[in-house]
Amino acid sequence: MAVTIAIAVIPLIYEVWLSLQDWYMLKRSQPIFGGLINYIAVSKDGALWAGLGRTAIWTVGTVVVEIALALPLALLLNRNTAVARAGSALILIPWVTPFIVLGFGWRFLLDSDVGPIHQILEFIGLAGGRSVLTDPAGALAAITFISGWKGAPFMVIALIAALKSIPDELYEAAEVDGAGAWAQFWHVTVPSIWNTVIIVGLILGILAFYSFDLAWIMTKGGPQDGTAIVGIQIYRAVFLDLRPAYAAAISVVMLLILFAASLAVLRLRRSN
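For every chain, the first residue of its written sequence is number 1, and the numbers climb from 1 along that sequence. Side-chain atom pairs in this predicted model are given and counted only at pLDDT of 80 or more, local residue features only at pLDDT of at least 70, and totals for whole chains, interfaces and linings cover all residues. Values shown for side chains rest on all heavy atoms present in the structure; no hydrogens or waters enter the calculation.

S.K.: Please give an account of the overall build of the protein chain that cites residues and values.
M.R.: Along the backbone of the protein chain there are 13 helices and 2 strands. Summarising its shape, the C-alpha atoms of the protein chain cover approximately 75 × 50 × 30 Å along the three principal directions. Taken over 272 residues, the protein chain has a buried fraction of 39%. Sequence-distant contacts, at least 24 apart, represent 64% of the contacts inside the protein chain between residues at least 6 apart. Accessible areas in this description were obtained via Shrake-Rupley with a 1.4 Å probe; residue shielding takes into account the shown protein chains only. Total accessible area on the protein chain stands at roughly 15,100 Å², and carbon and sulfur atoms take up 70% of it. For the charge count, each Lys or Arg is scored as positive and each Asp or Glu as negative, with His and the chain ends excluded. By convention, charge coordinates are those of NZ in Lys, CZ in Arg, CG in Asp, or CD in Glu. Across the protein chain, the 16 positively charged side chains and the 16 negatively charged ones have centroids separated by 9 Å. Secondary structure follows DSSP: runs of H or I at least 4 residues long count as helices, runs of E at least 2 residues long count as strands, and numbering of each begins at the N terminus. Buried means the residue's accessible area, taken with a 1.4 Å probe over protein chains only, is under 20% of the maximum for its type, while exposed means over 50%, and partly exposed covers the values in between. Between two residues, a contact is recorded if the distance between any of their heavy atoms is within 4.5 Å.

Structure follows, in structure tokens:
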């Protein structure tokens, strides 16, 4: 409890307190009470709300990619064979690889001159002579996919555990009732792993919502702010604009949005 309070509750209290201060570091060295001045500024900041929209696309897209990649892989690896066990271990490599390594690695792969993935995308008509990272929409789509690709192994392991917990008797009963492979998947497998998908998806969605490092390493929010998600905007507010109180207000707004979204997801889980 003491550790939890020290690393979670106290910083949260300080964040709320700081969001109520008027502190532009180029004007004064210490904060003074400003009331709701920062929240009023947040409500009028069109660039910030555009960033929240990009963050929503990034978050939902990341979770969708994670589920789309993880489900078929989990089904393939849910076997008691040496190959499946080795695959379950190797698939964790993207998850445990540092963002700095992945970021620069993917930048090379998508480079318009030497990147092999760019050459493939150009060959099939999905990219022109320039890297997709130079186009605002293409860059956001690319880093969203990479974010989902990195988080997918966590979902894979969770789904494998959920699949192994399904009693064989359910499949045997379904087969006796005449259910084929697809019907067994849809009526037995999916309902049995649905709670795992919801909970793990929520955890990974929270991580994506607060992301900063991957987008900053690969694009620094560009081009033309096409990948400037809220994490990057908070970083800019603190370290470039020197407005820590305004950044704290953005963080509080993000926390409220995330709290409301999490409640909605958990209510969906209970209703199912």
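S.K.: Let's hear about the packing of helix 6 (residues 99–109) against helix 8 (residues 136–164): which residues, and what values?
M.R.: Packed helix pairs are specified by the crossing angle of their axes together with the interaxial distance, meaning the distance between the axes. All axes are obtained by fitting lines to C-alpha atoms, using only the stretch in contact for helices, and the reported angles, taken between N-to-C directions, cover 0 to 180 degrees. Following both chains from N to C, one finds helix 6 and helix 8 inclined at 135 degrees, their axes separated by 12 Å at the closest point. The pairing of helix 6 with helix 8 is recorded here as oblique in orientation. As helix 6 runs across helix 8, the sense of the crossing is right-handed. Residue-level contacts link F99, L102 and W106 of helix 6 to F145, I146, W149 and K150 of helix 8. Polarity classes work like this: nonpolar for Ala, Val, Leu, Ile, Met, Phe, Trp, Tyr, Cys and Pro, charged for Asp, Glu, Lys and Arg, and polar for all others, with Gly in that last group. The residue inventory of the contact of helix 6 with helix 8, partitioned by class, reads 6 nonpolar, no polar and 1 charged. To sort the angles, those under 35 degrees are grouped as roughly parallel, those over 145 as roughly antiparallel, those from 65 to 115 as roughly perpendicular, and the leftovers as oblique. Left-handed describes a crossing whose near helix is turned anticlockwise from the far helix by less than a right angle; the clockwise case is right-handed.

S.K.: Outline the layout of surface pockets, listing residues and values.
M.R.: Put simply, the grid is 1 Å and covers the protein atoms alone, a cavity is a trapped set of points that fit a 1.4 Å probe, a pocket is an open set with protein on both sides within 12 Å along at least five of seven lines, and lining residues have an atom within 4 Å of a point. Grid points are joined across faces, edges and corners, and a volume is the space filled by probe spheres set on the points. Taken as a whole, the largest pocket holds about 580 Å³ of empty space. The wall of the largest pocket is formed by 26 residues, among which V63, I67, G201, L202 and V265 lie closest to the centre. For the lining of the largest pocket, the secondary structure elements donating two or more residues are helix 3 (46–77), helix 10 (181–209) and helix 13 (244–271). For the lining of the largest pocket, the per-class residue count stands at 22 nonpolar, 4 polar and no charged.

S.K.: Quick rundown of the nonpolar core? Include the residues and the values.
M.R.: The definition of a nonpolar core used throughout is a set of buried Ala, Val, Leu, Ile, Met, Phe, Trp, Tyr and Cys residues joined through side-chain atoms within 4.5 Å. Counting residues in hydrophobic clusters, the biggest one holds 18 residues, and the most contacted among them are A74, M155, V156, L159 and I193. Those elements that provide at least two residues to this core are helix 3, helix 8 and helix 10. Among the elements that make up this core, the one with the highest residue count is helix 8 (7 residues). Setting aside anything within four residues of it in sequence, one finds V156 in contact with A70, L73, A74, L77 and I91. Counting residues in hydrophobic clusters, the runner-up holds 17 residues, among them L110, L133, A142 and L214.

S.K.: Summarise the packing of aromatic side chains; cite the residues concerned and give the values.
M.R.: Under the pairing criterion, centres of Phe, Tyr and Trp rings, with the six-membered ring standing for Trp, must be within 6.5 Å; the plane angle then separates stacked pairs below 30 degrees from edge-to-face pairs above 60, leaving the rest tilted. Using the criterion set out here, one finds 10 aromatic pairs in the structure. Taken together, the ring pairs connect F212, W216, Y235 and F239 into an aromatic cluster. Positioned above the aromatic ring of F99, the side-chain terminus of K150 is 4.8 Å from the ring centre. Counting as a charge over the ring demands two things of the Lys NZ or Arg CZ atom: a distance within 6 Å of the ring centre and an angle within 35 degrees of the ring normal. R243 extends its terminal NZ or CZ atom over the ring of Y246, reaching a point 4.3 Å from the ring centre.

S.K.: Explain the pattern of salt bridges residue by residue, including any values.
M.R.: As a working rule, side chains carrying opposite charge can pair if their charged atoms are close by. A pair is scored as a salt bridge if a Lys or Arg side-chain nitrogen falls within 4 Å of a carboxyl oxygen belonging to Asp or Glu. Taken as a whole and assessed by the stated rule, the structure comprises 2 salt bridges. Taking the shortest distance from any N to any O, the salt bridge between D22 and R28 comes out at 3.7 Å. Among the ionic pairs, D225 bridges to R236, the shortest N-O distance being 3.0 Å. Linking D225 in the loop between helix 11 (213–218) and helix 12 (230–240) with R236 in helix 12, this pair joins segments that are 11 residues apart in sequence. On the basis of relative accessible area, R236 is assigned to the partly exposed category, the value being 21%.

S.K.: Mind laying out the side chain of T59, listing which residues take part and the relevant values?
M.R.: Along the chain, T59 turns up in helix 3. Apart from residues no more than four positions distant in its own chain, T59 is found in contact with G205, A208 and F209.

S.K.: How would you explain unusual backbone geometry if you had to name every residue and give the values?
M.R.: Omega for the bond connecting G222 with P223 falls within 30 degrees of zero, at -5 degrees, which places this linkage in the cis form. The residue P223 is located in the loop between helix 11 and helix 12 in this model. The phi angle at D225 is positive, at roughly 60 degrees, despite the residue not being glycine.

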